[in-house]
Amino acid sequence: NTKDESKILYDKIGKKKILIITSAYHSLRSKIIFENIGFDVMIYKVNFMGNKNSQNHFLLYLPSITALKFNTLLFKEILGILYYKFLD
């Protein structure tokens, strides 16, 4: 997991300024984890999940499997951010 990887990297290279390339949806959590270990972190976000080409249509507001998937990812990320920011 991200926390274990950050500890291993810190043990290998020590306190350095690093660039993390990660999915946009969990970039904040990754940044918090690596900063808590002691790194000076810059983030480069990739893999944005939005669709810029979709048109506004009433069907987009109905429940769907895709919406449930994205809401689940969002909920887990919010919980992870709160945990690593305040409890870890």
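Before reading on, note that the structure itself is shown above.
Residues numbered from 1 in each chain as written. Predicted model: local features only at pLDDT ≥ 70, side-chain atom pairs only at ≥ 80, totals over all residues. Heavy atoms only, no water.

**Q** Would you mind going over the nonpolar core in detail, with residue names and values included?
**A** The biggest cluster of nonpolar side chains holds 5 residues, and these are I18, I20, F34, F39 and V41. The residues contacting I18, other than those within four sequence positions of it, are L9, I13, F34, F39, D40, V41 and M42. (Core = buried A, V, L, I, M, F, W, Y, C linked by side-chain atoms within 4.5 Å. Buried < 20%, exposed > 50% of the residue type's maximum accessible area, 1.4 Å probe, protein only. Contact = heavy atoms within 4.5 Å.)

**Q** I'd love a proper account of the side chain of S30, names of residues and values included.
**A** Secondary-structure assignment places S30 in helix 2 (residues 27-37). Within polar-contact distance, the side chain of S30 engages the backbone oxygen of H26 at 3.1 Å. Ignoring any residue separated from it by four or fewer positions in sequence, one finds S30 in contact with T2, I20 and T22. (Helix = DSSP H or I, 4+ residues; strand = E, 2+ residues; numbered from the N terminus. Polar contact = N/O pair within 3.5 Å; in protein donor to acceptor, adjacent residues only side chain to side chain.)

**Q** Can you break down the packing of aromatic side chains residue by residue, with the values?
**A** Aromatic ring pairs are reported here in terms of the distance separating the ring centres and the angle at which the planes meet. Applying the stated criterion across every chain yields a total of 3 aromatic pairs. Judged by centre distance (5.8 Å) and plane angle (45°), the ring pair of F34 and F39 falls under tilted. Judged by centre distance (5.0 Å) and plane angle (85°), the ring pair of Y83 and Y84 falls under edge-to-face. Judged by its relative accessible area of 38%, Y83 falls in the partly exposed class. (Phe/Tyr/Trp six-rings, centres within 6.5 Å; stacked < 30°, edge-to-face > 60°.)

**Q** I'd like a rundown of helix 3 (residues 65-87), residues and numbers included.
**A** In a regular helix each residue adds 1.5 Å, so 23 residues correspond to 33 Å; helix 3 covers 32 Å between its end C-alpha atoms and thus fits that length. If you check which residues of helix 3 are buried, you get E77, G80 and Y84. Here the buried face of helix 3 lies against helix 1 (2-13) and helix 2. (Expected span 1.5 Å × (residues − 1).)

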